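# Survey of secondary and tertiary structure
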Amino acid sequence: MTDNNNVSSVPIGEKITYGFGNLAANLMITTANGFITYFYTDVVGLTISVVGSILLFARVFDGITDILMGVIVDRTSTVKGKARPWIKRMIIPYALALILLFTSPSFLPQEMKAFYAFATYVISLAGVYTMTMVPYNTMLGTTTSDSKERGFLSTSRTIFGFLGAFLVNGIVLKVVGMFGEVTEASSWTKMAAVFALVSVVLLTILYKNSKERVLETDEAYVAEQVEKVPVMDNVKALFKNKYWVIMISTMLIGFISSGLGGINIYYAQYILGDVEKVAVIGMLSFAPIIVGSFFTPIIMAKMSKRNAMILGNAIVVLGTVILALFPENYDLIKVGLIVRGLGIAPTAVASYAMLGDVADYGEWKTGIRSDGLIFSAGTFGEKVGSGLGGLLIGIVMSIGGYVAGAAAQTPGTIFAIKALFAYIPILLGVISIVLMFFYDLDKKLPEIVKNLQERSQGLSEQ
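Here is a short report on the structure shown in this document. (Residues numbered from 1 in each chain as written. Predicted model: local features only at pLDDT ≥ 70, side-chain atom pairs only at ≥ 80, totals over all residues. Heavy atoms only, no water.)

## Regarding the overall build of the protein chain
Using the following cut-off: Put simply, DSSP marks the helices as runs of H or I at least four residues long and the strands as runs of E at least two long, and each gets a number from the N terminus on. Taken over C-alpha atoms, the radius of gyration is set against a globule rule of 2.2 Å times the number of residues to the power 0.38. Here the term buried applies to any residue with accessible area under 20% of the maximum for its type, exposed to any over 50%, and partly exposed to those in between, with areas from a 1.4 Å probe on protein chains only. Note on contacts: a residue pair is in contact if any heavy atoms of the two residues lie within 4.5 Å. Per-residue and other accessible areas were derived by the Shrake-Rupley procedure at a 1.4 Å probe size, with only the shown protein chains allowed to occlude residues. Positive residues here are Lys and Arg, negative ones are Asp and Glu, while His and the chain termini are left out of the count. Charge positions come from single atoms, namely NZ of Lys, CZ of Arg, CG of Asp or CD of Glu.
Counting its regular elements, the protein chain contains 17 helices and zero strands. Relative to its length of 462 residues, the protein chain is compact, with a C-alpha radius of gyration of 22 Å against a globular reference of 23 Å. Going through the 462 residues of the protein chain one by one, you find that 59% of them count as buried. Contacts spanning at least 24 positions in sequence make up 83% of the contacts within the protein chain whose residues lie at least 6 apart. A total accessible area of about 18000 Å² is found for the protein chain, and carbon and sulfur atoms account for 68% of it. One finds the centroid of the 35 positive side-chain charges in the protein chain at a distance of 2 Å from the centroid of its 32 negative side-chain charges.

## Concerning the packing of helix 6 (residues 147–178) against helix 7 (residues 185–208)
Just so we agree on the cut-off: To obtain an axis, a line is fitted to C-alpha atoms, over the contacting stretch when the element is a helix, and the angle between two such axes runs from 0 to 180 degrees between their N-to-C directions. Orientation categories follow fixed angle ranges, with anything under 35 degrees roughly parallel, anything over 145 roughly antiparallel, 65 to 115 roughly perpendicular, and all other angles oblique. Helix crossings fall into two classes, left-handed where the near helix is turned counterclockwise from the far one by less than a right angle and right-handed where it is turned clockwise. Charged means Asp, Glu, Lys or Arg here, nonpolar means Ala, Val, Leu, Ile, Met, Phe, Trp, Tyr, Cys or Pro, and polar covers whatever is left, Gly included.
At a minimum axis separation of 8 Å, helix 6 and helix 7 run at an interaxial angle of 130°. One element, helix 6, and the other, helix 7, form an angle in the oblique class. Our pair here, helix 6 against helix 7, has a crossing hand that is right-handed. Contact residues: Val168, Ile171, Val172, Leu173, Val175 and Val176 in helix 6; Ser187, Trp188, Met191 and Phe195 in helix 7. For the contact of helix 6 with helix 7, the residue count by class is nine nonpolar, one polar and no charged.

## Regarding helix 7
Which entries qualify depends on this criterion: One less than the number of residues in a helix, times 1.5 Å, gives the span that helix is expected to have.
Taking 1.5 Å per residue, 24 residues should reach 34 Å; helix 7 reaches 35 Å between its end C-alpha atoms and fits that length. Each element contacted by the buried residues of helix 7 is listed here: helix 1 (12–18), helix 2 (20–44), helix 4 (84–101), helix 5 (110–142) and helix 6.

## Notes on the packing of aromatic side chains
The description of an aromatic ring pair uses the distance of the two centres, along with the angle that the planes make with each other. Applied cut-off: Between 30 and 60 degrees the pair is tilted, below 30 it is stacked and above 60 it is edge-to-face, where a pair is any two Phe, Tyr or Trp rings, Trp via its six-membered ring, whose centres lie within 6.5 Å. Placement of a positive charge over a ring is assigned whenever Lys NZ or Arg CZ falls within 6 Å of the ring centre and within 35 degrees of the normal to the ring plane.
Going through the model one piece at a time under the given rule, you end up with 18 aromatic pairs. Look at Tyr361 and Trp364: their rings are 5.8 Å apart centre to centre, the planes differ by 40°, and that puts the pair in the tilted class. With a gap of three residues between them, Tyr361 and Trp364 both fall in helix 14 (residues 330–366), about one helical turn apart. On the accessibility criterion, Tyr361 (7% relative accessible area) is buried. By relative accessible area, Trp364 is classed as partly exposed at 34%. Site record: aromatic cluster; members linked through ring pairs are Phe35, Tyr38, Phe39, Tyr40, Phe102 and Trp188. Over the aromatic face of Tyr330 sits the side chain of Lys334, whose NZ or CZ is 4.6 Å from the ring centroid.

## Considering the nonpolar core
As a rule of thumb, nonpolar side chains are buried together in soluble globular proteins. What counts is decided by this rule: To form a nonpolar core, buried Ala, Val, Leu, Ile, Met, Phe, Trp, Tyr and Cys residues must be joined to one another through side-chain atoms within 4.5 Å.
If you look at the biggest cluster of nonpolar residues, it comprises 127 residues, and the most contacted ones within it are Tyr40, Tyr94, Trp188, Met247, Tyr266, Met397 and Tyr439. Sorting elements by how many residues they give to this core places helix 2 first, with 15 residues. Met247 has contacts with Met309, Ser351, Met354, Leu355, Val358, Met436 and Tyr439, leaving out every residue within four places of it along the chain. Counting eight residues, the second largest nonpolar core, distinct from the first, contains Phe162, Phe286, Ile289 and Ala348.

## Description of the packing of helix 12 (residues 278–302) against helix 14
In contact at an axis separation of 6 Å, helix 12 and helix 14 are set at 40° when each is read in the N-to-C sense. Relative to helix 14, helix 12 is oriented oblique. In terms of crossing hand, the pair formed by helix 12 and helix 14 is right-handed. Between helix 12 and helix 14, the residues in contact are Val280, Ile281, Leu284, Ser285, Pro288, Ile289, Gly292, Ser293, Thr296 and Met300 and Tyr330, Lys334, Leu337, Ile338, Arg340, Gly341, Leu342, Ile344, Ala345, Pro346, Val349 and Ala350, respectively. Here the residues of the contact of helix 12 with helix 14 are counted per class, giving 15 nonpolar, five polar and two charged.

## Examining a nonpolar patch on the surface
For clarity, the threshold we go by: For patches, a residue must show more than 30% relative accessible area and have no salt bridge; joins then use 9 Å for like charges and 5 Å for nonpolar side chains, namely Val, Leu, Ile, Met, Phe, Trp and Tyr. Any carboxyl oxygen of Asp or Glu that lies within 4 Å of a side-chain nitrogen of Lys or Arg is treated as forming a salt bridge with it.
On the surface, a nonpolar cluster with roughly 570 Å² of combined accessible area is contributed by Val291, Phe294, Phe295, Ile298, Ile338 and Leu342. Breaking the nonpolar patch down by element, the ones donating at least two residues are helix 12 and helix 14. When residues of the nonpolar patch are assigned to their parent elements, the largest contribution, four residues, is made by helix 12. Examined against the element boundaries, Phe294 turns out to sit in helix 12. The class for Phe294 is exposed, based on a relative accessible area of 54%.

## A short note on helix 2
In an α-helix, one full turn covers 3.6 residues, which means residues spaced three or four apart are oriented alike. Our working rule: Here the bend at a residue means the angle between the axes of two seven-residue stretches, the one that ends at it and the one that starts at it.
Taking 1.5 Å as the rise per residue, helix 2 with 25 residues should run 36 Å; its terminal C-alpha atoms sit only 32 Å apart, a clear shortfall. Where helix 2 bends most, the angle comes to about 55°, and this point is Phe35. Burial of helix 2 is extensive: 24 of the 25 residues sit out of reach of the surface. In the stretch just after helix 2, Gly45 is the one whose phi turns positive, near 100°.

## Some thoughts on the side chain of Ser293
Residue placement: Ser293 occurs in helix 12. Judged by relative accessible area, Ser293 falls into the buried class, the value being 0%. Excluding residues within four positions of it along the chain, Ser293 makes contact with Thr155, Thr158, Ile159, Ala345 and Val349.

So, in structure tokens, the structure goes:
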């Protein structure tokens, strides 16, 4: 399935507002990654082991719903596209889910609060978030089939996404504090309501200023294809696509590292001795990514997306090594965070652009185009990866003997916090570099796109 319009003319305004979707995404996912563990332990009163269990079992639902939503998107066929209509449907549910995520009714007995936390976490992230963001990520492939244009859309996605992450880390505690004490659940609920309102505006603009161009013009043909390709054939075709397997593995690892950001608040409190420093750590974790994303298209113009990924991950490892070597030096911590963030930029931009290329390869190899399933790798990696990161926090902190609210922690807990902040991310970065050496699609892509265009022309002439 190829583009029947001028794919090189995606309006600049549309490229910009495409990024609004990821800004809305980070108002939920980054807030959850960075603060849900703290909310559950120090506000709701759950133990760290219970929180780890919640995040673990929620991953089961996440894995299922991501694939399921990918299938649903691929089997959606409307005059407005197959992904974009879902954005409109999910605007209000998305806002409600964000609020639900940070609620904990005071009338519930303590033993029921864990069940409530699990249920609301699954509904919000495994349910509503998936139903919004799988279609959103799919639009990167269905908006245009031009690889460079996908790169620009991915750049917008990355810039606005990490802008959202930057703002979240810098203002969450301040917004919560505006509504009351940081230890009061109602203050967190009101913070989430503010973010929900902003999300409604962002998703509405995204929907109104977007268009899916990579669609067959023959609607009867589309309906026939959607109807005749069984779900299992779509899934089998997905796993025959080796580049999809590489990308979902790489993105999963990247989001595990992102999920480990939940340790920042503990690092600021117990290693640096000032919980307020979490805002600086959070902002310096994301501000360099925003800056680096503006330069990533220049990097990708001079080297393949795969090489940009390798370069970026190497810089990430370098920055994280600085964090590991100087764990209590606040100034060098800031330097390490800046270096690491600059390295994340090309990996974040390139990875989503590469998924569009992976969709082209899958269609060329199997004859089945599964944009929804392929781009579900993004939300699967994001939620499962960040969830596994949260799970690791729970497991490692529990092994280290963390005690919620304690004025000081044991040496075992201090080591656990340092491991989650630096040692484990170094290992994950190295694995990502190794995986990229098996990705060689960039050099094959021009011939694949040419072949797909020839197939499309042949179909249109029949």
